Amino acid sequence: MSFVEIETASQPECWRRAAELAGSQAGVLPVAGERVAIVGCGTSFYMAQAYAALREGAGQGESDAFAASEFPFGREYDRVVALTRSGTTTEVLDLLDRLRGGTRTVAVTADPATPVMTAADDVVVLDFADEKSVVQTRFATTALTLFRAHLGLHTDDVVRDAETALAEPLPEGLLDCTQFTFLGRGWTVGLANEAALKMKEASLSWTESYPAMEYRHGPISIATDTTATWMFGTAPEGLSEQLLATGARWVESDLDPLADLVRVQRLAIARATARGLDPDSPRHLTRSVVLADD
């Protein structure tokens, strides 16, 4: 088995541990009423999008998500949360350095032996969710589980849904599709973006992602009998019928959306294997983007 297969399968247990950890991190993670920015790169940026939408939707305070390289320094925040699996990503470390002594920062990382441990004011270490694969799976979903639990939005049903997502067969016909579109609403837009990235990284698939209501505004024009559209959460009324009329495959689930992301991870691995690719080592990618000084 590849590392990413093992790591994907371990997610239910990682989520249990993250939910248990959340209570002890109450003094580190953002509190109600704070104006917060969540930053990251790649997968971590998409988890930041999901967390920001969840937090603001829960009435906890204004919450924004940014790619670390695009942080708006002209805005004032009470706290900045940085997601970085490796703890070495250049854009994240540069941002934390610029914020030092001003805005309070907290980093969520998987590796305690990295520069982020001293770059941020506070650190949450999810070392039990660290990964050997270049492709992120369990760290990202475990970090989001930590945040959901901190917001009071995690239940044991989510873990059970993840177990179901790992056990049930994938929808038929997806390995033969030529293109995949992932859709979300609210916090699941971040999951849709991550699903598209996962399919690109692991299996070199042509993918796109959109807020679900935006799909009618142009993107649906590429739907054919060789494409698939995957919805995270509840679809807008009439969208599935409109999509099916194109001849394309429509995929949705009653599982918790985070558990449904596990199904996409499995699909990415299966598609990579079918194409003779190594899902642990995508071309042109490394575990962390570390930029050399000029």
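None of these values were measured; they are calculated from a predicted model. Within each chain, residues carry numbers counting from 1 in the order of the written sequence. Two thresholds apply to this predicted model, a pLDDT of at least 70 for residue-level local features and 80 or more for giving and counting side-chain atom pairs, whereas whole-chain, interface and lining totals are computed over all residues. Side-chain figures throughout are based on the complete set of non-hydrogen atoms in the structure, without hydrogens or water.

Draft legend 1. How the structure looks around the nonpolar core. Nonpolar core, defined: a set of buried Ala, Val, Leu, Ile, Met, Phe, Trp, Tyr and Cys residues in which side-chain atoms within 4.5 Å join the residues together. Whether a residue is buried, partly exposed or exposed follows from its accessible area with a 1.4 Å probe, protein chains only, as a fraction of its type maximum: under 20%, in between, or over 50%, in that order. The biggest cluster of nonpolar side chains holds 57 residues, and the ones touching the most others in it are Val108, Leu144, Phe147, Phe182 and Phe232. Per-element accounting of this core gives the leading share, seven residues, to helix α10 (residues 257-274). By the convention used here, residues are in contact when the closest approach between their heavy atoms is within 4.5 Å. Excluding its chain neighbours within four sequence positions, the residues that come into contact with Phe232 are Phe182, Leu183, Gly184, Arg185, Thr188, Leu191, Ala192, Ala195, Pro257, Asp260, Leu261 and Val264. Counting from the N terminus, the helices are the DSSP runs of H or I reaching at least four residues and the strands are the DSSP runs of E reaching at least two.

Draft legend 2. Examining helix α4 (residues 90-99) more closely. Every buried residue belonging to α4 is among Thr90, Val92, Leu93, Leu95, Leu96 and Leu99, and all of these are buried. Elements in contact with the buried residues of α4: β1 (36-40), β3 (79-84), β4 (104-109) and α5 (116-119). Phi turns positive, to about 85 degrees, at Gly101, one or two residues after α4.

Draft legend 3. Representation of a negative patch on the surface in the model. A cluster of like negative charges, contributed by Glu237, Glu241, Glu252 and Asp254, occupies part of the molecular surface. Inspection of the secondary structure puts Glu252 in the loop between β9 (249-251) and α10. A relative accessible area of 44% means that Glu252 is categorised as partly exposed. Like-charged residues are merged into a patch within 9 Å and nonpolar side chains (Val, Leu, Ile, Met, Phe, Trp, Tyr) within 5 Å, provided each residue has over 30% relative accessible area and no salt bridge. Accessible areas in this description were obtained via Shrake-Rupley with a 1.4 Å probe; residue shielding takes into account the shown protein chains only. Between Lys or Arg on one side and Asp or Glu on the other, a salt bridge is scored when a side-chain nitrogen of the former is within 4 Å of a carboxyl oxygen of the latter. Charged residues are defined here as Lys and Arg on the positive side and Asp and Glu on the negative side; His and the ends of the chain fall outside this count. Note that the charge is assigned to NZ on lysines, CZ on arginines, CG on aspartates and CD on glutamates.

Draft legend 4. How the structure looks around the pairing of strand β8 (residues 227-231). The buried fraction of β8 is high, at five of five residues. Burial along β8 is two-sided: Thr227, Thr229 and Met231 and Ala228 and Trp230, pointing in opposite directions, are all buried. Bridging between strand β6 (residues 179-184) and β8 involves five bridges; their strand directions are parallel. Its bridge partner being in β8, Thr181 is matched across the sheet by Thr229. As judged from the three bridges shared by β8 and β9, these two strands associate in the parallel manner. In the sheet register, Ala228 faces β9, and the bridge partner there is Arg249. Viewed along the sheet, the connection from β8 through helix α9 (residues 239-244) into β9 turns out right-handed. We call two strands paired when DSSP finds no fewer than two bridges between them. By convention, orient the strands away from the viewer: a clockwise path from the first strand over the helix to the second makes the crossover right-handed.

Draft legend 5. Up close: the sheet that holds strand β2 (residues 63-67). One open sheet holds the five strands; their spatial order is β2-β1-β3-β4-β5, and the pairing between them is parallel. Only two strands of the sheet have a single partner each, and these edge strands are β2 and β5 (122-125). Strand-to-strand twist across the sheet, computed as the mean angle between neighbouring axes with direction ignored, equals 20 degrees. Pairing of β3 with β4 involves six bridges; the strand directions are parallel. From the neighbouring strand, Val80 faces β4, where its bridge partner is Thr105. The angle between two axes is taken between their N-to-C directions and runs from 0 to 180 degrees, where each axis is a line fitted to C-alpha atoms and a helix contributes only its stretch in contact.

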